[in-house]
Amino acid sequence: MPEPAIQIEADEAIARSRTEAEAHGNVIIQRDTTEVRSEWAQYDSATDHLKAGDAVRMTRDGDVLTGNNLDYYLGPRRGTLDNPDYHVAQGVARADAVKLLFDGPDRYKMRSARFTTCPADRDDWYLRASTLSLDYANNVGMAYNGWIQFYGVPILYSPWLNFPLSGNRQTGFLAPSIAFDNRNGIDIQTPFYWNIAPNYDATFYPRYLTDRGTMLGAEFRYLQPSYNGQIRAERISDHKEEEDRYSISFLHRQQITPRLSMSAQVEKVSDDDYFNDFGDQVAVASQTNLPRELAFNYAGDGWSGLARWQRFQTLQSESDPVDIPYARLPQLYYSSSPHWIKGAQISLTGEYTDFSHPTKIDGQRMWVNPTITYPLLQTSYAFIKPKVGVHASYYMLNDNGNIEGDNISRVLPTFSLDSGLIFERDDTFKGWDYTQTLEPRAYYVYIPYKDQSNLPNFDSALTDFSLAQIFSENRYSGNDRINDANQITLALTTRFFEGDSGEERFNATIGQRFYFQDQRVTLDAYEKPADVQESDLLISFGGRLWRQFIANYSLQYNVNEGATARADAGLGWAPGEGRALNLRYVMNRNVSPIIEQIDISGQWPITRNWYGVARYNYSLKDHSSLEALAGLEYNAGCWALRLVAQRYVNDDSDTAEDEDKYTVTYFAMLELGGLVGLGSNPVATLRQSIPGYTDVVAPTSIK
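In this text, all values refer to a predicted model and were calculated from it rather than measured experimentally.

Student: Account for the overall build of the chain, with residues named and values stated.
Tutor: Secondary structure assignment for the chain yields four helices and 50 strands. In terms of overall size, the chain is more extended than a compact globule, its C-alpha atoms giving a radius of gyration of 34 Å where 703 residues would be expected to give roughly 27 Å. On the principal axes, the C-alpha backbone points of the chain span a range of 110 × 70 × 55 Å. In the chain, which comprises 703 residues, the proportion classed as buried is 42%. Sequence-distant contacts in the chain: of pairs separated by 6 or more residues, those separated by 24 or more amount to 45%. The distance from the centre of the 64 positive side-chain charges to the centre of the 91 negative ones in the chain is 3 Å.

This is the structure we're talking about:
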């Protein structure tokens, strides 16, 4: 395709020959998306060669370049510009240099260059390099013999530094991370990212901890149309504990056929304290049972199946011992919803599992649970839904020490009747149009008593008593315990909706369960059945009461003892970005030890650019802090600074010294807009600790 025609405007233009032209005074040269303005210009159409000066302003695909002398070939887009100033199109980046080389479409190379994302009237920071290459075709920038200056002070030098010009991935060293905590000392990490292919990448992260030694780690990720996964491993020769320590994780997902999928997951660490020493607060709290499993899922027409082999590595602590869960070798599960009866909801579920445990009685369990629900009434204002089912179980137990194996069966019919009404009314309050609902609900359950004390407990536990749980048939999770029931749950809910938008602004519910017979089934043989005629009273209300002000309260009240069993009250106000205040009180006497805590957190602007962040989680029962966090964030537009300190409990035993009881971490992060971040980033910690937290540092677009 021929190049578009060139247009030349000037106060004076002279044709030197059939191919050469010269122009003087207010010269404007245009071709396609390129425009050059200068005091004089010379153009040779045979070679497509343009020379211009003395003051040149060149606009190319939106990029703006100014300089003294331009020597440029328009077709291949190659040439030079002396003393250039460069401003990126649709972004905030700019650069200046002694000389700029045009190296083809969307490629620039500058000598003795400076690069920054700060506005033209500010040089808060810049990257300085003997050679700076900006390749927008591949979205990569490279600086040779480069260093970063912050307010005139050099803070980072590298003989070779590359950085992304967009959000795309690229091979190279990532910004180093520097942190400090009381368990590991100074923690320095210098990750290297390898963009192997669009669907493969790897990250290597050598890490040095002054109190423990050098840790080597790597992560490999892969993505294909039918499968994906990641492998991660790290190892350290810990001279503080005088042992080798490691962590391995593997995750793979695959769609074998349109209906059949599989997943494999393996996680392992060298010791129980690995995440306490090397993980963050989230890892410490969540990593208790590390899975090792292989699973296959099949989705048929109206049915599904699961085959899974699963065991765990259980991490223990002296202050909080954990019950080791049973391994499932294997677990086979089936579920279907056949349409055998018009208008009925039929469910067929069943499972076979071989349970294995190192110390407890184990064996095989089979169960089936067919149910049918047939709505007698289903309208927008009322429903009546009876449900009947049968839960049949069969156990084949193994010999375990002095305990002889046995075969045991259990068959229990179940019946429930769920019913409710929905009333609505429209009204106005001080000019506010709203719709209020009133929703009474009654839920009856009958399950006959059957002694289950001779059955093992492979996977059952008492579920948390809540407004959701009181509308369920069984108060136990799993399938080893089915409670006896002759009970009814009564509840009343009201909701308020905005008349214009239909948004729910407030809701309140009160509910209680009443027993016509004493419940006799318990989780363990030594547990004594509760002798009560009614359950605890549950009350819950809350919503967005005013603008961005949210309030919630829930109460579990023991009517038999006349005492509060559990309470949870929270207030939250988030009037805008970077503004969030939270207050929460939690009390729970249903657990041991009893919990009673107060939690205060927030993010708020202090001045125009400064923001404060804080959280304080305090145990009223123990008279001690569980987590304390405080910090400052500064957003200067083209750079930002974050300073945060956090202390949290990782060992709540009475014998732990303060240096072992708490982990104290210091975060310091300097972000140079769109180019690099130096230090340890606290954003993930702030989001986890402060509800409503927003990152006040908007990502900077280089282009």
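Student: Tell me what's going on with unusual backbone geometry, and back it up with residues and numbers.
Tutor: Cis geometry marks the peptide bond from L329 to P330; its omega dihedral reads 0°. Relative to the assigned elements, P330 resides in strand 29 (residues 327-336). Looking along the chain, the bond that leaves S592 and enters P593 is cis, with omega of 0°. In this structure, P593 sits in the loop between strand 44 (579-588) and strand 45 (595-605). The backbone of D106 shows a phi angle near 60°, a positive value even though the residue is not glycine. As for its placement among the helices and strands, D106 is situated in the loop between strand 12 (99-103) and strand 13 (107-116). For Y151, which is not glycine, the phi torsion reads 50° and is therefore positive. Inspection of the secondary structure assignment puts Y151 in the loop between strand 15 (140-150) and strand 16 (153-164).

Student: Can you lay out the state of the cysteines for me, pointing to particular residues and giving the numbers?
Tutor: For the structure on display, the rule yields one disulfide. Two residues, C118 and C638, share a disulfide whose sulfurs are 2.0 Å apart. Handedness of the C118-C638 disulfide follows from its S-S torsion of about 70°: it is right-handed. Placement of the pair is C118 in the loop between strand 13 and strand 14 (125-135) and C638 in the loop between strand 47 (624-635) and strand 48 (639-649), with a sequence separation of 520 residues. An identical accessibility class is assigned to C118 and C638; each is buried.

Student: Lay out the pattern of salt bridges with the relevant residues and their values.
Tutor: Any two side chains of opposite charge can pair if their charged atoms end up close together. Taken as a whole and assessed by the stated rule, the structure comprises 42 salt bridges. Of the charged contacts, one joins R207 and D187 as a salt bridge, the two residues approaching to 2.7 Å between their closest N and O atoms. Of the two residues, R207 sits in strand 22 (residues 207-209) while D187 sits in strand 19 (residues 185-189), which places them 20 residues apart along the sequence. Looking at D187, the relative accessible area reads 9%, which means it is buried. R615 is the partner of D599 in a salt bridge, and the nearest nitrogen-oxygen pair spans 2.5 Å. A residue pair is termed long-range when its members are at least 10 positions apart, and D599 in strand 45 and R615 in strand 46 (residues 610-619) qualify at 16 residues. Both residues of the pair, D599 and R615, belong to the buried class.

Student: Would you mind going over the side chain of E473 in detail, with residue names and values included?
Tutor: If you trace the backbone, E473 turns up in the loop between strand 37 (461-462) and strand 38 (476-477). Look at E473 and you get buried, because its relative accessible area is 17%. Within the structure, the side chain of E473 is placed 3.3 Å from the side chain of S416, a separation counted as a polar contact. Those residues in contact with E473 that lie beyond four places of it in its chain are K387, T414, S416, Y443, V445, I447 and N483.

Student: So what's going on with a negative patch on the surface? Residues and values would help.
Tutor: Residues E243, D272, D273 and E318 make up a contiguous surface patch of negative charge. Relative to the helices and strands, D273 is located in the loop between strand 26 (260-269) and helix 1 (274-278). D273 sits in the partly exposed class, given a relative accessible area of 40%.

Student: Outline the side chain of S625, listing residues and values.
Tutor: Mapped onto the elements of the fold, S625 is located in strand 47. Setting aside anything within four residues of it in sequence, one finds S625 in contact with Y616, N617, Y618, R647, V649 and Y662.

Student: Kindly report on the packing of aromatic side chains, identifying the contributing residues and their values.
Tutor: Throughout the structure, instances matching the rule amount to 31 aromatic pairs. Note on F150 and Y151: the rings are 5.0 Å apart at their centroids and 85° apart in plane angle, and the pair reads as edge-to-face. A centroid spacing of 4.9 Å and a plane angle of 75° characterise the contact between Y326 and F458, whose relative ring orientation is edge-to-face. Taken together, the positions of Y326 in the loop between strand 28 (303-314) and strand 29 and F458 in the loop between strand 36 (432-447) and strand 37 put the pair 132 residues apart, joining distant regions of the chain. Residue F458 is classed as buried on the basis of its relative accessible area of 7%. Aromatic ring contacts, followed pair by pair, group Y72, Y86, F102, Y108 and Y136 into a single cluster. Lying over the aromatic face of F471, R441 brings its terminal NZ or CZ to 3.8 Å of the ring centre. Sitting above the plane of the W604 ring, R579 keeps its charged end 5.8 Å from the centroid.

Student: Please give an account of the nonpolar core that cites residues and values.
Tutor: In terms of nonpolar packing, the biggest core is built from 48 residues, with L70, L132 and L134 touching the most fellow members. Each residue touching L70, except ones within four places of it in the same chain, is listed here: V36, L50, K51, A52, V56, M58, T80, L81 and F102. In terms of nonpolar packing, the next biggest core, distinct from the first, is built from eleven residues, V445, I447, F465 and A485 among them.

Student: Go over the pairing of strand 9 (residues 78-82) with me, naming the residues and quoting the values.
Tutor: Side chains G79 and L81 project from strand 9 onto a buried face, and the interleaved R78, T80 and D82 project onto a face without burial. Taken together, the four bridges between strand 8 (residues 70-73) and strand 9 define a ladder with antiparallel strand orientation. From the neighbouring strand, D71 faces strand 9, where its bridge partner is T80. Relative to strand 12, strand 9 runs antiparallel, the two sharing five bridges. Note that in strand 12 the partner of T80 across the bridge is L101.

Student: Go over the pairing of strand 15 with me, naming the residues and quoting the values.
Tutor: The sheet contact formed by strand 14 and strand 15 spans ten bridges and is antiparallel. By the bridge assignment for strand 15, R128 is matched with W147. Counted between consecutive antiparallel strands, the loop separating strand 14 from strand 15 contains four residues, among which N139 sits at a positive phi close to 55°. Linking strand 15 back to strand 16 in an antiparallel pair, the connection comprises two residues, with Y151 at a positive phi of about 50°.

Student: Which residues make up the environment of Y208, and what are the values?
Tutor: Here Y208 shows up in strand 22. Owing to a relative accessible area of 38%, Y208 belongs among the partly exposed residues under this scheme. With 32 residues separating them along the chain, Y208 and P176 place their C-alpha atoms 11 Å apart. Those residues in contact with Y208 that sit more than four places away from it in its chain are I186, D187, I188, G213 and T214.

Rules behind the numbers
Residues numbered from 1 in each chain as written. Predicted model: local features only at pLDDT ≥ 70, side-chain atom pairs only at ≥ 80, totals over all residues. Heavy atoms only, no water. Helix = DSSP H or I, 4+ residues; strand = E, 2+ residues; numbered from the N terminus. Rg over C-alpha atoms; globule rule 2.2 N^0.38 Å. Buried < 20%, exposed > 50% of the residue type's maximum accessible area, 1.4 Å probe, protein only. Contact = heavy atoms within 4.5 Å. Lys, Arg positive; Asp, Glu negative; His and termini not counted. Charge placed at Lys NZ, Arg CZ, Asp CG, Glu CD. Disulfide = S-S within 2.5 Å. Salt bridge = Lys/Arg side-chain N within 4 Å of Asp/Glu carboxyl O. Polar contact = N/O pair within 3.5 Å; in protein donor to acceptor, adjacent residues only side chain to side chain. Patch = residues over 30% accessible without salt bridge, like charges linked within 9 Å, V, L, I, M, F, W, Y side chains within 5 Å. Areas by Shrake-Rupley, 256 points an atom, 1.4 Å probe, with all protein chains shown as cover. Phe/Tyr/Trp six-rings, centres within 6.5 Å; stacked < 30°, edge-to-face > 60°. Lys NZ or Arg CZ within 6 Å of the ring centre and 35° of its normal. Core = buried A, V, L, I, M, F, W, Y, C linked by side-chain atoms within 4.5 Å. Pairing = 2+ DSSP bridges.

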